[in-house]
Amino acid sequence: MQTEDLKKLVTNIHSIRYETQNIEVKAAEKGCPTRLFDTLSSFSNQDEGGIIVFGLDERDGFALKGVYDVNDLQKKVTEQCKQMEPSVRALFTVCEIDGKAVVSAEIPGADIAERPVFYRGVGRIKGSYVRVGESDEHMSEYEIYSYEAFRKRIRDDIRTTGNSNMLLADENRIKKYLDAVVAERRNLADNVSHEDIMELMGITCGGVPTLAGVMTFSKYPQAYFPQLCITAVALPGTQQGIVGGDGERFIDNKRITGAIPEMLDEAVEFVRKNSRTKTIIDEYGRRNDKEEYPIKAVREAILNALVHRDYSVHTENLPIRIEMYRDRMEIANSGGLYGRISIDALGKVHPETRNATLANMLELLKITENRYSGIPTMQMELSKAGLPAPEFSVVHGEFKVVMRNGYNKEPMSVSDSIVEYCCTPRTRSELIAFTGKSRTYTMSQMVQPLVDSGKLKMTLPEKPKSSKQKFIKA
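Nothing here was measured: the structure is a model prediction, and the numbers come from that model.

**Quick notes on the packing of aromatic side chains**
Argument step 1. Following the criterion strictly, the structure yields five aromatic pairs and no others.
Argument step 2. An angle of 25° between the planes, with centres 5.9 Å apart, marks the rings of F392 and F399 as stacked.
Argument step 3. Positioned above the aromatic ring of F150 is the side chain of R153, whose terminal nitrogen or guanidinium carbon lies 4.3 Å from the ring centre.
Argument step 4. Note that R328 overlies the ring of Y325, its terminal NZ or CZ placed 4.0 Å from the centroid.

Quick look at the structure:
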């Protein structure tokens, strides 16, 4: 960063008056902050890294205070960087504004093979952090494990499942699969028994079914893994908690079980059943029905969730979720991006595969192409339907795809979205999580003006500062 860039950054911070996913502000007028480990860890553990700006005081409206000693500050920050595992190498920039020195420390994102970066003094579990909005939060045990699994190439889809009775296989599907293996893997066609093929292809290991084998071929995998399923809901509004005209919380609510092929078909049918259909009459009087979401895109999104979700013991109790709102559909699965790929690169490069054995089984069953075409197909189908591109995100080790149906094409203002969110009473914490902004900014700049204008009201107006205070649409 150049000196002029740092000056512009300070000006921007003064303007927005809050920290961001990549910017942390630290007061250093009287000395170097003694605990930078959480921010050093969280910035190192995200691809884009982050910048710590010293010399502004958040508690005083991000006022410019300057730093106590430029050289000593850099020395002490570097000392803290060396206490990280692996060590962090900060890049410093210094500038002077109104006679006061400001220092920035750019923290680069670590390579995924080196994550999580953590504070050596307390160890990997307690010393690993992730950036969420403007705050640094402890990384969950699962998030830590996911990095370990990639680094050590742990293959959870071929972990054994306990005993040889767990497969209880669909014999027709097994036969179809074995026939496909013999037809397409010619070196396995001669003098290899079916039992040996099942071992070689990862359905069993030492005669015991693998998780991939159970999820693909078992008649009912949920007998052993109750939560490795799909929960699907259709809701009447644009947020959880909004009820319909008759007070209903859900239009439809279903737990979808079975092996992956059955779950895929049933989930697609759930979306089709709960989608609105638009009837279009062309210039010749012919009727054409246009579905709310292109089914081909829906199928690819659900299939991606089933194939690429995390199947480790850490996520056995987390089903895939399909949530259909008035304006969008969300499909979420445990397991963030796998390997060295970013959100921006999805659909453009070939990613590493988390569950390669499972993907290969489904390819031979003609359920998936296994050619990394899922996301490009989603994008193309939504574009053809005149709908926005799918949105992808990863938060706390959960991958989510959002498809929007074009309802409310005029984007809802932030104020209106807060008001609609408050159709049911919301706490301060819920509102802060909803906006993604700081507590001070959310309550003073976003919520209070809505209360003053009469759009929101407090549930405890006689106790405005009560910890039990909630806000509801007026």
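**Details of the environment of C423**
Argument step 1. Here C423 lies in the loop between α13 (414-421) and β21 (426-427).
Argument step 2. In this structure C423 comes out as partly exposed when scored by relative accessible area, which is 32%.
Argument step 3. For the pair formed by C423 and E143, sequence separation is 280 residues and the distance between their alpha carbons is 34 Å.
Argument step 4. Ignoring sequence-local partners within four residues, the contact set of C423 consists of I242, I472 and K473.

**Structural notes on the sheet that holds β21**
Argument step 1. Here three strands make up an open sheet; going across it, the order is β21-β23-β22 and the pairing antiparallel. Because the sheet does not close on itself, it has two edges, and the strands there are β21 and β22 (456-458).
Argument step 2. Here β21 runs beside strand β23 (residues 470-473); their pairing, made up of two bridges, is antiparallel. Among the inter-strand pairings, R426 is bridged to a residue of β23, identified as F471.
Argument step 3. Lying on the sheet, helix α15 (residues 439-452) is in contact with β22 and β23; it crosses β22 at an angle near 95°.

**Looking at the packing of α13 against helix α14 (residues 428-435)**
Argument step 1. Between α13 and α14, the least distance of the axes is 11 Å, while the angle of their chain directions is 140°. Judged by the angle between their axes, α13 and α14 are oblique. Helix-helix and strand crossings are classified by hand; for α13 and α14 the assignment is right-handed. Every residue of α14 that contacts α13 at S417, I418 and Y421 is listed here: E430, L431, F434 and T435.
Argument step 2. A per-class count over the contact of α13 with α14 returns four nonpolar, two polar and one charged.

Cut-offs and rules
Residues numbered from 1 in each chain as written. Predicted model: local features only at pLDDT ≥ 70, side-chain atom pairs only at ≥ 80, totals over all residues. Heavy atoms only, no water. Phe/Tyr/Trp six-rings, centres within 6.5 Å; stacked < 30°, edge-to-face > 60°. Lys NZ or Arg CZ within 6 Å of the ring centre and 35° of its normal. Helix = DSSP H or I, 4+ residues; strand = E, 2+ residues; numbered from the N terminus. Buried < 20%, exposed > 50% of the residue type's maximum accessible area, 1.4 Å probe, protein only. Contact = heavy atoms within 4.5 Å. Pairing = 2+ DSSP bridges. Axes fitted to C-alpha atoms, helices over the stretch in contact; angles between N-to-C directions. Parallel < 35°, antiparallel > 145°, perpendicular 65-115°, else oblique. Left-handed = near helix turned anticlockwise from the far one by under 90°. Nonpolar A, V, L, I, M, F, W, Y, C, P; charged D, E, K, R; others polar.

In short, shape yes, function no, at least from these values alone.
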